[in-house]
Amino acid sequence: VLDPHLEKHMQSMVEIEIDMNARIGEWAILTESGSKLVPVWGPGRTGLHNLGNTCYMNSMLQVLFFMPEWTEFCSTEQWLDRGSLADPASDLSLQLAKVCRGLTSGVYSGLGDEAVMRDEGSQPGIRPLMLKQVVGKGHPEFSSARQQDSQEFFMHLLNQIEKANQTAGVSSAPLVSCLQFQVEDRMQCGASGRVRYTTRLEDFLPVPVPLEAATNSAEVAEFAKKKAEAEARGERLGGEEVVRPSIPAAACLAALVAESTVEDFYSSAIQAKTVARKSVGLVTFPPYLLLQLQKFTTDSSWQPVKLDCSVDMPNVLDLASLRWDN
């Protein structure tokens, strides 16, 4: 059968992906781990709608507006009075304040509210569309409907806030001071034994993910064998059969502080190149420490690939190994 409107009726993969993500609210009426999801409501318990691949932004906003420093700063009269009512869609301070009030007031998640399916997802909740548009304006990635990285969005958002505050003559210190901390790099010359310390200020801590520390290595190896055999037969294993390496969060921290070798290190102590031993540690600890799990690496052809693994994050994480003992 020939379809004279084939082009109109076909969906691109991007459109299909957006359509699937837009219906993420359906999870509100499904089960998780064999039990029905229990709705919560009230201040600080309001959901954000997925606007088609915006989970990276939503998760970051939920984290930031969980911090009293962020909610108080974005709710002050000084912040709100800066807003331009003539062009609210282009005013970052107004849009941040609006999302802040929406998430923290509890107005959009009241007692007794049920998740009602609509075309744009489930209700109640808020749609941070105008904030996404003003933050992503002019940016090749964040202005698109493609999935992005939460940490990259976080750094871009901080940069946009800093620019807006500089223009208005307002300090952004309350927003960043609760996140910033000092990291110290320790480099020891292999020839002389002399040590050089370098301190830097950071907003987040990149943490490596050591696949060799997986607690289910035997299961992963068995799955890899079954996968290879299935592919040899021209078959594919189902999603429920996939076994991913499971890495303890403590192993990630151990990999971060583990001493590494630096080849061709120029030592000022001997005025020549030698081998050095490098280690890192935290000099100060912030009220809130943002960790970035480095789940991207490069393959043999130097192409970026994502590590297909999971990191077991406990409710309480011991950070004592990150502190310098000297």
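Just so it is clear, the structure is predicted and the values come from calculations on it, not from any experiment. (Residues numbered from 1 in each chain as written. Predicted model: local features only at pLDDT ≥ 70, side-chain atom pairs only at ≥ 80, totals over all residues. Heavy atoms only, no water.)

Looking at the pairing of strand S10 (residues 272-282)
Note: strand S5 (residues 181-189) against S10, seven bridges, orientation antiparallel. By the bridge assignment for S10, Val-183 is matched with Leu-282. As defined by bridge partners, strand S9 (residues 260-267) adjoins S10 across six bridges and the pair is classed as antiparallel. By the bridge assignment, Ser-260 is partnered in S10 with Lys-278. Linking two consecutive strands that pair antiparallel, namely S9 and S10, is a turn of four residues; a positive phi of about 55° is found at Gln-271 within it. (Pairing = 2+ DSSP bridges. Helix = DSSP H or I, 4+ residues; strand = E, 2+ residues; numbered from the N terminus.)

Let's talk about the side chain of Asn-216
The topology assignment puts Asn-216 in the loop between strand S7 (205-208) and helix H10 (217-232). Of the residues examined, Asn-216 reaches a relative accessible area of 14% and is grouped as buried. A distance of 2.9 Å separates the side chain of Asn-216 from the backbone oxygen of Arg-244, its partner in a polar contact. Of the polar contacts made by the side chain of Asn-216, one reaches the backbone nitrogen of Ser-246; its length is 2.9 Å. With residues near it in sequence (within four places) discarded, Asn-216 still touches Val-243, Arg-244, Pro-245 and Ser-246. (Buried < 20%, exposed > 50% of the residue type's maximum accessible area, 1.4 Å probe, protein only. Polar contact = N/O pair within 3.5 Å; in protein donor to acceptor, adjacent residues only side chain to side chain. Contact = heavy atoms within 4.5 Å.)

Quick word on helix H6 (residues 92-105)
Helix length check: H6, at 14 residues, gives a terminal C-alpha distance of 20 Å against a target of 20 Å (1.5 Å per residue), a fit within 8%. Most of H6 sits out of view: 10 of its 14 residues are buried. (Expected span 1.5 Å × (residues − 1).)

Some details on the side chain of Asp-203
Mapping Asp-203 onto the fold places it in the loop between strand S6 (195-202) and S7. Side chain to side chain, Asp-203 and Gln-180 meet in a polar contact 3.1 Å long. Apart from residues no more than four positions distant in its own chain, Asp-203 is found in contact with Phe-154, Met-155, Leu-158, Leu-179, Gln-180, Phe-181 and Leu-290.

Quick notes on the sheet that holds S6
The strand order across the open sheet built from four strands is S6-S5-S10-S9, with neighbouring strands paired in antiparallel fashion. Two strands close off the open sheet at either side, each with one partner strand: S6 and S9. Taken pair by pair, the neighbouring strands of this sheet meet at an average axis angle of 35°, ignoring direction. (Axes fitted to C-alpha atoms, helices over the stretch in contact; angles between N-to-C directions.)

Description of the nonpolar core
One finds Leu-61, Phe-65, Trp-70, Leu-131 and Phe-153 to be the most contacted residues of the largest nonpolar core, which totals 33 residues. Of all the secondary structure elements, the ones that give two or more residues to this core are helix H3 (55-64), helix H4 (68-73), H6, helix H7 (129-136), helix H8 (150-168) and helix H9 (173-177). (Core = buried A, V, L, I, M, F, W, Y, C linked by side-chain atoms within 4.5 Å.)

Points about the packing of H6 against H7
Put simply, H6 and H7 touch, their axes get as near as 9 Å, and they point 145° apart. When you trace H6 past H7, the crossing you get is left-handed. Across the interface between the two elements, Leu-92, Gln-95, Leu-96, Lys-98 and Val-99 of H6 pack against Met-130, Leu-131, Val-134 and Val-135 of H7. For the contact of H6 with H7, the residue count by class is seven nonpolar, one polar and one charged. (Left-handed = near helix turned anticlockwise from the far one by under 90°. Nonpolar A, V, L, I, M, F, W, Y, C, P; charged D, E, K, R; others polar.)

Brief notes about unusual backbone geometry
Leave glycine aside and you will find that most residues have negative phi; peptide bonds, for their part, are mostly trans. Although it is not a glycine, Asn-53 adopts a positive phi angle of roughly 75°. Of the residues examined, Asn-53 reaches a relative accessible area of 3% and is grouped as buried. At Trp-302, a residue that is not glycine, the phi angle is positive and equals roughly 65°. The residue Trp-302 is located in the loop between strand S12 (296-298) and strand S13 (304-306) in this model. Trp-302 sits in the exposed class, given a relative accessible area of 68%.

Focus: the environment of Val-134
If you trace the backbone, Val-134 turns up in helix H7. Of the residues examined, Val-134 reaches a relative accessible area of 12% and is grouped as buried. Placed 46 residues apart in sequence, Val-134 and Pro-88 show a C-alpha to C-alpha distance of 9.6 Å. Beyond its immediate stretch of four places on either side in the chain, Val-134 contacts Ala-89, Ser-90, Asp-91, Leu-92 and Gln-95.

Considerations on the packing of aromatic side chains
One pass over the structure, following the stated rule, counts four aromatic pairs. Look at Phe-65 and Trp-70: their rings are 6.3 Å apart centre to centre, the planes differ by 85°, and that puts the pair in the edge-to-face class. Both residues of the pair, Phe-65 and Trp-70, belong to the buried class. Site record: aromatic cluster; members linked through ring pairs are Tyr-56, Phe-142 and Phe-153. (Phe/Tyr/Trp six-rings, centres within 6.5 Å; stacked < 30°, edge-to-face > 60°.)

A few points about the confidence of the model for the protein
When pLDDT is averaged along the protein, the result is 82, and 81% of the positions lie at 70 or above. Taken element by element, the protein is modelled with least confidence in strand S1 (residues 31-32), mean pLDDT 42, and with most confidence in strand S8 (residues 246-248), mean pLDDT 95. Contacts of residues 20-34 to residues separated by more than four positions or lying in other chains number 19 contacts, the stretch itself having pLDDT below 50. For residues 117-121, every residue scores under 50 in pLDDT, and the model assigns this stretch 11 contacts once sequence neighbours within four places are set aside. (pLDDT = per-residue confidence, 0-100.)

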